Amino acid sequence: MRILFKNAKIISMLQEKVLEKDIVVENGIIKNIGIIDDDDFDRIIDVKNRYLLPGFIDSHVHLIPTCIDQFSVNLEHAKNIEEVLQMISEKRKEEPKIKFIIGSRLTEFKLEERRLPTREEIDRVISDIPVFLSSIEFHTIIVNSLAMHKLKLPLSIEKVIRDDRGISTGELVNEASAIARKKMYEILPVSYMVEGLKKTYNDIIEQGITSLIAIEGGYLFHKRHVDFLLKNRINYLIDISILYSTVSVEKAKIYDFNKVGGDVFLDGSFRSRNAAVSEAYSDKKNEYGKLFFSDDDLDDFIEQALLENLQISIHAVGDVGIDKLLDAYERCFEKYPNHKGRHKIEHFELPGKNAILRAKKLGLVLTMHPTYEYFFRESDGMNEKRLGHERALKTNPLREIFDNEIIVAGGSDSHVMPINPLLGIHAAVNHPNPKSRITPFEALKMFTINGAYGNFEDNIKGTIEEGKLADFVILADNPMTTNRKLIKDIVVIATIKEGKIIYSKDQDYENLY
């Protein structure tokens, strides 16, 4: 099929200059860019002088947990514990036959009590079906007594939080949280994932996304998510690349994946105080986080992946975790210098001294999540509380990273954060620390060409040029000239995958699907 996109203001991502030209697409590929007089086309689409960019790429999505969230109780806006209990009670009343309740996006930093609800408080309103309430970054989960009973946690397991009486509060962290989440995923019927994926797909294309990396399986998730997504992704028009969160290179090879890792947790998160840091947490003076791998185990995983020519990606948040991973990469790259490159660190939130220069020297790609700076940086919010003001200013230092010419791919980290590239771009441009802000063009690169580069697809995606896929997003305004405080409010007019309009807000485009 031959399609003409006319009257477009093109932001090609090859340069900041806006090009007022037409685009010819043949069989899903950009054939020509210029002023086109020919009218011999199967379809002509008038862009109406709106801004046409490469389709957005989200490089870090927990897709199946995001799908399941469609059926959970969103606790993000609860003001106090009583409101949390009321919200889950209402869910039970609305669906009296429900066999369990899942709550998501819970954070004590927005609750008046500044703490999480307890098992006994949840029991007060729901005691006859399991209840699982997940913290906003999913490293902590709170359960009621029935859920705790069904988990059958080993007595020796750590991080079952207990009160002064030595009785479990229902709060589970680290390995205990992982067991609880896996049990929760096991009891979910497949129908939840099927229906959730349909709803989530619509949310995704409304945000201008044409490609994403789905990080599935592993420590805090479930293997069945990988199998389900492999079976069902063909039903959707966007590109879904799967990154299996496992340290088993053999498992990745069974699926014929070209990468491995993702949220393989070298450390944890600031909220759960298990991100490994060199300076104790500001609100718990003897707590420095946790490393979940020894040097030998980390090296063994990286070496096995290098031998199999797989791209490696590992989660590291705190400065100690990041340095530990850089140490391992340095050792293994020296031993196996002929690797394919573009290996990754996921998050890279609080790099210590010299970490950025070391990452550059290693040629690493950093997958980062700027929306953390939008949601977690209130004056009395999570980062300030856990890290203290001065250290919180050092998180996600995008400006320094870009100045060192390191490739940064943008990810939402959904279901922790919303799937919304424009919000990510907004957050990067409006970083709370002015010294860490990047330009709108640089922020756009995170969700276009840099995302493509990080997934070895920069030869077919990420910029608008002849020979590449016709993956576009049409925006109502130019992110590079819009008031930087309003970037998040820019409207996505249409999402185009290989020349096909898969989402349109504009009624004039309705007959062009």
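Residues numbered from 1 in each chain as written. Predicted model: local features only at pLDDT ≥ 70, side-chain atom pairs only at ≥ 80, totals over all residues. Heavy atoms only, no water.

Digging into the packing of aromatic side chains
For clarity, the threshold we go by: In this analysis, rings of Phe, Tyr and Trp, with Trp reduced to its six-membered ring, are considered paired at centre separations within 6.5 Å, and the interplanar angle assigns stacked below 30 degrees, edge-to-face beyond 60, and tilted for intermediate values. In DSSP terms, a helix is any run of H or I states spanning at least four residues, a strand is any run of E spanning at least two, and both are numbered starting from the N terminus. Categorising residues by exposure relies on relative accessible area from a 1.4 Å probe, with only protein chains included: less than 20% of the type maximum marks a residue as buried, more than 50% marks it as exposed, and the intermediate range marks it as partly exposed.
Under the criterion given, the structure shown has nine aromatic pairs. Summarising the aromatic geometry, the rings of Phe5 and Phe472 are spaced 5.4 Å apart at their centres and angled 85° between planes, so their arrangement reads as edge-to-face. In this pair, Phe5 sits in strand β1 (residues 2-10) while Phe472 sits in strand β20 (residues 472-475), placing the two residues 467 residues apart along the sequence. Side by side, Phe5 and Phe472 carry an identical accessibility label, which is buried. Summarising the aromatic geometry, the rings of Phe100 and Tyr192 are spaced 5.8 Å apart at their centres and angled 50° between planes, so their arrangement reads as tilted. Taken together, the residues Phe100 in the loop between α2 (81-94) and β8 (101-106) and Tyr192 in helix α6 (residues 190-206) connect sequence positions 92 residues apart. The structure contains a cluster of three or more aromatic residues connected by ring pairs, namely Phe71, Phe100 and Tyr192.

Comments concerning the packing of helix α9 (residues 295-307) against helix α10 (residues 319-335)
Our working definition: Angles here are taken between N-to-C directions and fall from 0 to 180 degrees, while the axes themselves are lines fitted to C-alpha atoms, restricted in helices to the stretch in contact. Relative orientations are named as follows: roughly parallel for angles under 35 degrees, roughly antiparallel for angles over 145 degrees, roughly perpendicular for angles from 65 to 115 degrees, and oblique for any other angle. By convention the crossing between two helices is left-handed if the near helix lies anticlockwise of the far one by an angle smaller than a right angle, and right-handed if it lies clockwise. Any two residues whose heavy atoms approach within 4.5 Å are treated as being in contact.
Close contact between α9 and α10 brings their axes to 9 Å; oriented N to C, the two are set at 45°. Viewed along their axes, α9 and α10 adopt a mutual orientation that is oblique. In the crossing of α9 with α10, the sense of the turn from one axis to the other is right-handed. On the side of α9, the interface is formed by Asp295, Leu298, Asp299, Ile302, Glu303 and Leu306, while α10 contributes Lys324, Leu325, Ala328, Tyr329, Arg331, Cys332, Phe333 and Lys335.

Digging into unusual backbone geometry
Going from Ser414 to His415, the amide bond is cis rather than trans, its omega being 25°. Mapped onto the secondary structure, His415 falls in the loop between β19 (408-410) and α16 (421-429). Despite not being glycine, Arg105 shows a phi value in the positive range, around 60°. By the element assignment, Arg105 lies in strand β8. Accessibility expressed as a relative area gives 9% for Arg105, which makes it buried. Even without a glycine there, the phi angle at Arg342 is positive, about 60°. With respect to the helices and strands, Arg342 occurs in the loop between α10 and β17 (344-347). The exposure class assigned to Arg342 is buried, which follows from its relative accessible area of 18%.

Some remarks on the nonpolar core
Rules: What we call a nonpolar core is a set of buried Ala, Val, Leu, Ile, Met, Phe, Trp, Tyr and Cys residues that are connected through their side-chain atoms within 4.5 Å.
Of all hydrophobic cores here, the largest spans 138 residues; its most connected members are Leu63, Leu172, Ile302, Tyr329 and Phe348. The biggest single contributor to this core is α10, with seven residues. Excluding anything up to four places from it in sequence, Tyr329 contacts Ile302, Ile312, Ser313, Ile314, His343, Lys344, Ile345, Leu362 and Leu364. Formed by 19 residues, the second largest nonpolar core is a distinct cluster that contains Ile10, Ile45, Leu52 and Ile464.

Looking at the sheet that holds strand β10 (residues 140-143)
The strands making up a sheet associate through hydrogen bonds between their backbones, and the pairing can be parallel or antiparallel. The criterion, for reference: At least two bridges found by DSSP between two strands are what make those strands a pair.
Pairing is mixed across the open sheet formed by six strands, whose spatial order is β7-β8-β9-β10-β12-β11. With partners counted over all chains shown, the strands left at the sheet margins are β7 (73-74) and β11 (160-162), one partner each. In this structure, β7 lies alongside β8, joined through two bridges in parallel fashion. Its bridge partner lying in β8, Val73 is registered against Gly103. Contacting β7, β8 and β9 (131-135), α2 crosses the sheet at an angle of about 145° to β8. Against the sheet, helix α5 (residues 174-187) contacts β8, β9, β10, β11 and β12 (168-173), and its axis sits at roughly 90° relative to β12.

With respect to the pairing of β8
Let me state the cut-off plainly: By convention, a crossover is right-handed whenever its connection, traced from the first strand over the helix to the second and viewed with the strands pointing away, goes clockwise.
Most of β8 is tucked away: six of the six residues are buried. You can see the chain leave β7, run along α2 and come back into β8, and the turn it takes is right-handed. Bridging between β8 and β9 involves four bridges; their strand directions are parallel. Bridge pairing in β9 links Leu106 to Ser135. For the crossover from β8 across helix α3 (residues 119-125) to β9, the handedness is right-handed.

Some words on the pattern of salt bridges
Filter applied, for reference: One speaks of a salt bridge when a side-chain nitrogen belonging to Lys or Arg is within 4 Å of a carboxyl oxygen belonging to Asp or Glu.
The tally for this structure, following the rule as stated, stands at 35 salt bridges. Salt bridges sharing common partners tie together Glu108, Glu137, Arg271, Arg273, Asp283 and Arg386.

Some words on the side chain of Glu121
For clarity, the threshold we go by: The definition of a polar contact used here is a pair of N or O atoms within 3.5 Å, where within protein one atom must be able to donate a hydrogen and the other to accept one, and adjacent residues in sequence count solely through side-chain atom pairs.
As for its placement among the helices and strands, Glu121 is situated in helix α3. Look at Glu121 and you get buried, because its relative accessible area is 15%. Looking at Glu121, its side chain comes within polar contact range of the side chain of Arg115, at 2.8 Å. In this view, Glu121 contacts Ile81, Leu85 and Arg115; residues no more than four positions away in its chain are not counted.

Overview of the side chain of Glu346
Put simply, the test is: Only four residue types enter the tally: Lys and Arg on the positive side, Asp and Glu on the negative side; His and the chain ends are excluded.
With respect to the helices and strands, the residue Glu346 is situated in strand β17. Summary of buried charges: Glu346 has no salt-bridge partner, and the nearest side chain of opposite charge, Lys344, is 4.7 Å away. If near-sequence neighbours (up to four positions away) are discounted, Glu346 is found in contact with His60, Ile215, Gly262, Asp263, Ser313, Ile314, His315, Ala316 and Thr367.

Bear in mind that shape data such as this cannot, by itself, settle questions of function.
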